[in-house]
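# Notes for the structure review
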Amino acid sequence: MRRRRAFWFWVFVGPFAAGLALFTYVPLVWSVGLSFFDAHNTVTPTDFVGLDNYRAMLRDSAFTGSLRTFLVFTAFIVPVTFALSLALALMVNRVRRAQAFFRSVFFLPAACSYVVAALIWKMSLFNGVRFGLANTVLGWFGTDPVAWLSTTRPPWYWLVIVTVRLWLQAGFYMILFLAGLQRIDPVLYEAAAVDGARPGWTVLRHITLPQLRATSVAVVLLLVINAFQAFDEFYNLLSDARGYPPYARPPLVYLYYTALGQGQNLGLGSAGAVILALIIAIVTVGQARWLGLGRSAADG
C-alpha cells in the first residue's frame, strides 16, 4: 500500500516538480553563475571576472537610478493599493444582497492580462494625440489634449501607470481582505456594541484592523514584491518603435535591454538580477519583522 501511494504521488507530482526544477530553479542557478563571467552573446562563458559585473552595475547610474525611481513608486503604490483594497473589502462585506456579484465585478480585472490592460490604457483611455477618453473629457472643459505618456513636466505618465496598476490588482487584494473580514468572530462586534462603541472608525481601529494583522502583512509584502517586479505595463505603455524612454524605467526593463538588447551582456544582466533579488529579499524580510509576521492579534 505504501509503495502504491508513493508511486501515484510521483505520477501526479513528478511532472510538475520536474517542470519547476527545469524552468525555474535551473535558470536561477545558471543566472547566478553567469553573473561571475564575461558573458557577451553566450550562455556558456569561459572568462571568469569575479565581482566585476556587480561593481559595474552598482556604478551604473542608469541602474541605480531605476532602483531609486521604483523605491519612490513602491512607497506610493503600496499604501494607495492597500487603502483602496481594504475600502472595497469593507464595502462589499457590508452588502447583504448580490455580494457575489460585486465581489466578481471588482475581482474581474485581476484576470486580465497586464499587456492587454496596458494597451487599452494607451490606445483608448490616455491616447496622447487627440483621441482617448481622458482627452475627450478635457475637451469638454476647453482644455488642450495632453500627451500623457511623453510629458515629463509634470510627469503625467505616472498617472497612467498608477491607474492601470490599481485597476489590475486592487480586486485581488480586496478578495484577501474580504476573506480576512469574514473570519472575524461577530461576537467581537456584538461585545463592542454592548460596551457602547459606535460603528465606524472606533470599531475599525480597535477590532477590525487588529484582527486583520496577518492578512495586512501578507498584502503589504505581496504589494512590495510586485512593485519591484513591474515590467509588462511599463514596457507596453512607454516603449515604441524608437525604444524605451529614459524616464520611468523599472529595473526589469533596464535589465531586459542590458541582457537582450544590442549588447546582449548576459553577465551584467544576471548580476543586476541578483542585486534586485537581494534587495527584494532584504526589504521583504525587514518588513515582515517590522510588521510582526507570525504574531497573532493578541500578541500585538
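Rules used in this analysis
Residues numbered from 1 in each chain as written. Predicted model: local features only at pLDDT ≥ 70, side-chain atom pairs only at ≥ 80, totals over all residues. Heavy atoms only, no water. Core = buried A, V, L, I, M, F, W, Y, C linked by side-chain atoms within 4.5 Å. Buried < 20%, exposed > 50% of the residue type's maximum accessible area, 1.4 Å probe, protein only. Helix = DSSP H or I, 4+ residues; strand = E, 2+ residues; numbered from the N terminus. Contact = heavy atoms within 4.5 Å. UniProt positions renumbered as here; feature names shortened; annotations may be inferred. Salt bridge = Lys/Arg side-chain N within 4 Å of Asp/Glu carboxyl O.

So, on to the nonpolar core. Core analysis: the largest hydrophobic core is formed by 57 residues, its most contacted members being Met 57, Phe 73, Ile 161, Leu 237 and Leu 238. Breaking this core down by element, the ones donating at least two residues are helix H2 (52-59), helix H3 (61-94), helix H5 (114-125), helix H7 (157-182), helix H10 (213-228), helix H11 (232-238), helix H12 (251-260) and helix H13 (266-291). Ranked by the residues each element gives to this core, the list is headed by H7, at 13 residues. Not counting residues up to four positions away in its chain, the partners in contact with Phe 73 are Trp 158, Ile 161, Val 162, Arg 165, Ala 227 and Phe 234.

Here we come to the environment of Phe 36. Turning to its location among the elements, Phe 36 is positioned in the loop between helix H1 (2-34) and H2. The exposure class of Phe 36 is partly exposed, given its relative accessible area of 25%. With 13 residues separating them along the chain, Phe 36 and Val 49 place their C-alpha atoms 5.7 Å apart.

The feature "transmembrane region" (unreviewed entry), as given by UniProt, occupies residues 7-30, 70-93, 100-121, 156-179 and 266-286 in the numbering adopted here. The span residues 100-121 carries 73% helix and 0% strand; its end-to-end C-alpha distance comes to 27 Å.

Attention shifts here to the side chain of Ser 66. As for its placement among the helices and strands, Ser 66 is situated in helix H3. Looking at Ser 66, the relative accessible area reads 3%, which means it is buried. Aside from chain neighbours lying at most four places away, what touches Ser 66 is Arg 249, Pro 250 and Pro 251.

Scanning all chains against the criterion turns up two salt bridges. A salt bridge links Asp 52 to Arg 55; the shortest N-O distance between them is 2.8 Å. With a gap of three residues between them, Asp 52 and Arg 55 both fall in helix H2, about one helical turn apart. Look at Asp 52 and you get partly exposed, because its relative accessible area is 43%. You can call Arg 55 partly exposed: its relative accessible area is 40%. With its nearest N and O atoms 2.6 Å apart, the salt bridge here joins Glu 233 to Arg 165. Taken together, the residues Glu 233 in helix H11 and Arg 165 in helix H7 connect sequence positions 68 residues apart. Taking the relative accessible area as the measure of exposure, Arg 165 reaches 3% and is therefore buried.

Cis geometry is adopted by the peptide bond preceding Pro 154, which originates at Arg 153 and carries an omega value of -5 degrees. Here Pro 154 is to be found in the loop between helix H6 (133-140) and H7. Positive phi is not limited to glycine here, since Ala 248 has a value of about 50 degrees. Note on placement: Ala 248 falls in the loop between H11 and H12. Classification of Ala 248 as buried rests on a relative accessible area of 6%.

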